Structures are given as structure tokens and as C-alpha cells.
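# Examination of the molecular architecture
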Amino acid sequence: MTKSVNIKREILVRKAAATGQYIFLSIAAILSIFPFIWIIIGTTNASKDITMGKLTFGNQLAANFNNLIKVGDVWLCLKNTTILAFSITVASILVCSLAGYGFVVFRSKKKDRFFSLILLSMMIPTSSLMVPLFRMFSRMHLLNTKLGVALPALSTAFLIFFFRQNTKSFPYETIQAARIDGLSELGIFFRIYMPMMKPTYSAAAIITFMSSWNNYMWPLVSLQTKDQRTLPLLISSLGSAYTPDFGIIMIGIVITTIPSALVFFLMQKSFVQGMMGSVK
Amino acid sequence: MSKTTTRKKFLFHLNSWGFVIPAIVLFLWFNLLPMIQSFITSLQKGKGTVTTFGGLSNYARLFRDPVFIRATGNTLTYLMIQVPIMLVLALILAAMLNNPKLRFRGFYRTAIFLPCVTSLVAYSLLFKSMFAVDGVFNQFLMNLHIISEPIPWLLNTIWAKAVIIMAITWRWTGYNMIFYLSALQNIDHSIYEAAKVDGAGALHSFWKITVPMLKPVILLTAIMSTTGTLQIFDEVVNITNGGPANSTVSISQYIYNLLFKYVPDFGYASTVSYAIFFMVAVLSLIQFKVSGDKNDKIS
């Protein structure tokens, strides 16, 4: 008797827990998605309606877009951001994957020491580097240039760590076989390692592209003229106006977000694959 | 004979160092060298280009500087409230989404990860617009009768901090969840089945299996979030710009202000930079120590 009651109670508890779980997940999902709906509705409304919390579509889309083009050269900012994000992604992945590979395949005590030093530098906050890099780059006449924005972003502890970690699971016999076949060390890296590690490269590319696309602090410090501005700098300057026009800002946010969202969704599968290799 | 072997050895060394040299040079040049220069600068007194050697006087000034103390207090408040809430939320969500029988799994996962595709500046401005006095968030709360009058979110010293904490949590929870999810893939499901047979409930197996197995990843995310939140800059600058009355200003923003808002005081700005570096280093080391024995490193 009591046993069957207990079982019934247990089934009820399980059911309640399962429902609770769905409710919890649904709330989390709604909270995550709502701001996106909010931006899209916002692009069609006037600033006044946005700050009044209007949740229906308006007819201000074209007006907002025209106003945005009037206050800032969006296309130039888009071009600057694109050039920077692509070149930083390609260059830093090349530099860091070479290093990650080198630290594993040509392992030595001295190199291990360098690697520990690089790993420790993960603790150096970017904001600590702001002052000395600003002074260094002003002496080198690299302020307000794209090269100046890119240089500090090329060798990152995280990417080196990421590639080193993934190289560990790379079959060493493949490298030895390629050596016997007479391939040079660089040839092995470019023709065998790179194609085989595609998921790792995709994951690294997504992370690097998104972070350099959205980079704010160092460009804010180093880029001073309007013709060098990136998209985050543009929308930030719109937002800090005395009476910010949120209609314009919403369009700016959409233009800034679409490219990084596209990159993420097009490469999502390889991203998860690549991440799985590294978090073991 | 021996000549060719030494030549071969030399070539091998050249090759092997060639792979790591570009990264090491760039690292030394743009990470280590600036930190050394920064330390030398932090010992100098005076504004603009007129400077004299001041010893540790800048460091003493830190403790008398009300804005620095305020900024440190604010930053630590963000850290202590936001990081635990976010990591616990991420862990719970990951544990729920790891259940293969869950329906709409892909949808939930994508939805919760979605905020991570936004740029920090973009979502900050988004939150600024949602938390206006007549804004959508206040209307929502009023329609639900949770509040009767609109809360002046960004004009109140405490609520402004709350908005920043909510904003960071919105942006980063899904990011941390992905780390946990991919680590959970490596836990064999039969362990959970076995625990179930032994009569362990869902909560019990969460604490006794999931959390211990994820310890290295939890450490990794804890360190990443701690260093990230200690350096918080984009959100504060774009949501509140440090206001009202410096109640949300962060250390990184203070460094920026010392450089660009006033006559540049490079010496003192470098000192504040070192202060934040020490905080990051000390907290990371504590987390390494707390995380227990030497055997489970992240690598």
C-alpha cells in the first residue's frame, strides 16, 4: 500500500521536475531572444518611441537609415572594420598555430619555459597595456593606423594555448612518415597539419574574428580620426551623444551585429567540433 | 660525416625555433616589454611631459584617491555578484541541455548562446535603450504589477549597477554554458545510468558526478570570467559612462579617463594599471590554489 503511494509520489515529483525544467529553459530562451526582437522592431521606430518602449513596428526604417548615413560614414566604418577583422584573424591564426605546433612537435625545455611565460601573460589585463602601448605606438608613429590596431592582437596566449592543446592529439606518426617522404618541416605544417586540423582552425577563426570585429578598447585609444573609425567606435559615439537618437543606434547595432552573427552561424558546427577537441 | 650531422642538427634547431619565434617576439614586444616600461613609468611623478622620479609615491596615492577606491569597490561588486550567478546559471543550463531525452534541445542551446554574437558596445547600447525610465523593461514590470512606479534604472546609484550586472550576465551565460556542454560530452552517460539505478536523484548526481567531473573547466571559466569582469570597460562606458556620480565607474575606465579626460598623468595611470594587474594575478592564483590538488591542471 504505502509502497504504491510512494511510487505515485515519486512519479509526480519527477513530472513536476521535468515541467519545471522546461519552464526554466523557456524563460532563459525568451530572455535571450527578446533583445534581438527589440532591435529589429527598434530599427523601424523613432527614438522617442523606442525609449517609450513601443513594441510594434513603425514606419521610420528609411528615415533612421538616412539619418545614420548623415551622422557618420557607415560604409567607411564597415570597410575599416572588415579589413581589420580579416587581417587580424588570418595573421594571428598563422602566428599562433605555428607556435602551438612548434611547442608540441619540437618540444624542448627552453621552449616549455617560454610557453609557461606566455601562459602566465593571460593574467595581464588589456587595460594594463593601454598606457604603455599608447606611449610606445606614439613613439613608433603607429597611432591612428590599422597596423597599430592589429599588432598587439597577433600573438595571443589563448590562441597559442588552444593550438598547442589540439596539436597534442595530432598523430605524430603522420609527421614522421611525411619526413621520410622528404617533405620539409614547413611543408608538413602547411600541407598535412593544416588540412587535417580544419575544425580547430575554424573554431579559432570564429573566436578571433568575432573578438577583433567587436574590439573596442584599444581601437578607441589608438584610432583618433573619423576616417579610421570602426563600427563599434561609431555606434558608441552615437550612444554617448547628449540626447542619443536610438533609431539611428538600432540600425547601427544591426549593421554591426549581422556579420559576426553570420560568421558564427555559418561555422557553428565546426566551432563545436573544434572546441570539443580542446576542452578535455 | 660528423659535419653533416652537426649541419642537420643546426637545421633542425633552426626549423624548430622558426615555428615559435614569431609568436615569442610579438609576445615579448607587445606584452612583456610594455609591462616593464609601465612599471618604470609608474615610478614617475608629474603631468604631461614634465616628469620627475617619484619612487613609490604614486602607489601611496592609490590609497588616498577616492575615485580609485570607488572604482575598485564597483569593480569588485560586479565581480562578486555577477560571476557566481552567471557560472551557476550556466552550469544548471548545461546540465539540463545535456539530457539527450530533452525536447527542443537544439533550439534552447542556440537561443541561449545567441547573445554571444553581439558586440559588447552593441548590446550595451541595447540595454541602455531598454532600461530608459519609460522604457520597455519598466513597462513590462508595471504590466505584471511587480512595481507600481517606473524605476529610474540608470539614474539611481544602486539600480545602475544592477543593470550592468544583468547586462553582463545576459551576454556571457551562454558562452560559459558552451564550455560546460562540450566538457559534459566527455562524461560517459552510463555513469548517470548507474547512479540512477543506485537510487541517486537528479540533484544528487549533479553534485556528485557533474560538478566534480567538470572541475577543470569550471576553474577555466572562473578564471576567464574573473579576469574579464575585473577589466570591465565597454559596458560601463556605453551603458552609464561611469555615472551617476561615479557609482558605476570601473578601474579600466578610470585608467582611460586618466589618459584622455584630464591632462595625461602617465605615471599615475601606469600605477592604476599595475593595481588591476595585481588584482587579476592574485585572484587567479587563489582560484588555482582553491581548486585543489596539483594533478588536475587545465592543460
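All values derive from a computational prediction rather than experimental measurement.

This part is about the overall build of chain B. Tallying secondary structure elements over chain B gives 13 helices and 2 strands in all. Overall, chain B is about 80 × 65 × 30 Å in size when its C-alpha atoms are taken along their principal axes. Residues counted as buried form 40% of the 299 residues belonging to chain B. Taking as baseline every contact in chain B between residues at least 6 positions apart, the subset at least 24 positions apart corresponds to 70%.

Moving on: the overall build of chain A. When its secondary structure is counted, chain A shows 15 helices and 0 strands. Taking 280 residues into account, the globule formula puts the C-alpha radius of gyration at 19 Å, and chain A, at 25 Å, lies well above it. Considering only C-alpha atoms, chain A reaches an extent of 80 × 70 × 35 Å along its principal axes. Within chain A, counting contacts between residues at least 6 apart in sequence, those at least 24 apart form 78% of the total.

Residue and element names in this part refer to chain A. Partitioning chain A into structural domains gives domain 1 (2–63) and domain 2 (73–278). At the junction of the two partners, domain 1 supplies 9 residues and domain 2 supplies 7 residues. Those elements that provide at least two residues to the side of domain 1 that touches domain 2 are α1 (2–42) and α2 (47–51). For the side of domain 1 that touches domain 2, the leading source of residues is α2, giving 3 residues. Considering only residue class, the side of domain 1 that touches domain 2 consists of 3 nonpolar, 6 polar and no charged.

To continue, consider helix α11 (residues 198–213) of chain A. With 16 residues, α11(A) extends 22 Å from end C-alpha to end C-alpha; this agrees with the ideal 22 Å at 1.5 Å per step. Looking at α11(A), one finds that the buried residues are A:Thr200, A:Ala203, A:Ala204, A:Ile206, A:Ile207, A:Thr208, A:Phe209, A:Met210, A:Ser212 and A:Trp213.

Here we come to the domain arrangement of chain B. All names here are of chain B. One can read the domain layout of chain B as domain 1 (1–42) and domain 2 (60–290). Between the C-alpha centres of domain 1 and domain 2 the distance comes to 37 Å. Across the contact, 4 residues belong to domain 1 and 6 residues belong to domain 2. Considered class by class, the residues forming the side of domain 1 that touches domain 2 number 1 nonpolar, 3 polar and no charged.

Right, let's get into the confidence of the model for chain A. Residues at a pLDDT of 70 or more form 96% of chain A, whose mean pLDDT is 88. Looking over chain A, one finds the lowest element-wise mean pLDDT in helix α15 (residues 268–278) of chain A, namely 67, and the highest in helix α4 (residues 74–105) of chain A, namely 95.

What follows covers the interface of chain A and chain B. Facing the 72 residues of chain A at the interface are 70 residues of chain B. The biggest single contributor to the side of chain A that touches chain B is α1(A), with 12 residues. Across the side of chain A that touches chain B, the residue classes tally to 49 nonpolar, 19 polar and 4 charged.

Residue and element names in this part refer to chain A. Following the sequence through the fold, Asp49 ends up in helix α2. Separated by 197 residues in the primary sequence, Asp49 and Phe246 have C-alpha atoms spaced 9.2 Å apart. Dropping the residues within four chain positions of it, Asp49 is found in contact with Lys54 and Gly58.

Turning our attention to the nonpolar core. In terms of nonpolar packing, the biggest core is built from 142 residues, with B:Ala23, B:Tyr180 and B:Val272 touching the most fellow members. Setting aside residues no more than four positions away along its own chain, B:Val272 makes contact with B:Phe68, B:Ile251, B:Tyr254, B:Ile255 and B:Leu258.

Moving on, we come to the confidence of the model for chain B. All names here are of chain B. Here chain B shows a mean pLDDT of 87. Residues at 70 or above account for 95%. Throughout residues 293–299 the model reports pLDDT below 50, and contacts reaching past four residues in sequence, or to other chains, amount to 6 contacts. Per the prediction output, this complex has pTM 0.87; the corresponding ipTM is 0.86.

What follows covers unusual backbone geometry. In most cases, non-glycine residues show a negative phi, while peptide bonds are predominantly trans. Residues and elements named next belong to chain B. Even without a glycine there, the phi angle at Ala245 is positive, about 55°. With a phi angle near 60°, Asn246 is a residue other than glycine that sits in the positive phi range. Asn246 sits in the partly exposed class, given 15 other C-beta atoms within 10 Å.

All names here are of chain B. Across the interface, helix α7 (residues 157–184) lies against helix α10 (residues 215–230) with an axial gap of 10 Å and an inter-helix angle of 155°. Taken together, α7 and α10 sit at an angle that is classed as roughly antiparallel. For α7 against α10, the interelement crossing comes out right-handed. Every residue of α10 that contacts α7 at Ile168, Trp172, Asn176, Phe179, Tyr180 and Ala183 is listed here: Val217, Leu220, Thr221, Ser225 and Thr229. For the contact of α7 with α10, the per-class residue count stands at 7 nonpolar, 4 polar and no charged.

The next point concerns the environment of A:Pro219. All names here are of chain A. For Pro219, the position within the fold is in helix α12 (residues 217–222). Residues Pro219 and Lys109, 110 residues apart in the sequence, show an inter-C-alpha distance of 37 Å. Not counting residues within four places of it along the chain, the set of residues in contact with Pro219 comprises Val149, Thr230 and Leu233.

Cut-offs and rules
- Residues numbered from 1 in each chain as written.
- Chains lettered and ligands numbered in written order.
- Predicted model: local features only at pLDDT ≥ 70, side-chain atom pairs only at ≥ 80, totals over all residues.
- Helix = DSSP H or I, 4+ residues; strand = E, 2+ residues; numbered from the N terminus.
- Buried ≥ 20, exposed ≤ 12 C-beta atoms within 10 Å, placed from the backbone.
- Contact = placed C-beta atoms within 7 Å.
- Rg over C-alpha atoms; globule rule 2.2 N^0.38 Å.
- Domains from an automatic or database assignment.
- Nonpolar A, V, L, I, M, F, W, Y, C, P; charged D, E, K, R; others polar.
- Expected span 1.5 Å × (residues − 1).
- pLDDT = per-residue confidence, 0-100.
- Core = buried A, V, L, I, M, F, W, Y, C linked by C-beta atoms within 7 Å.
- Axes fitted to C-alpha atoms, helices over the stretch in contact; angles between N-to-C directions.
- Parallel < 35°, antiparallel > 145°, perpendicular 65-115°, else oblique.
- Left-handed = near helix turned anticlockwise from the far one by under 90°.

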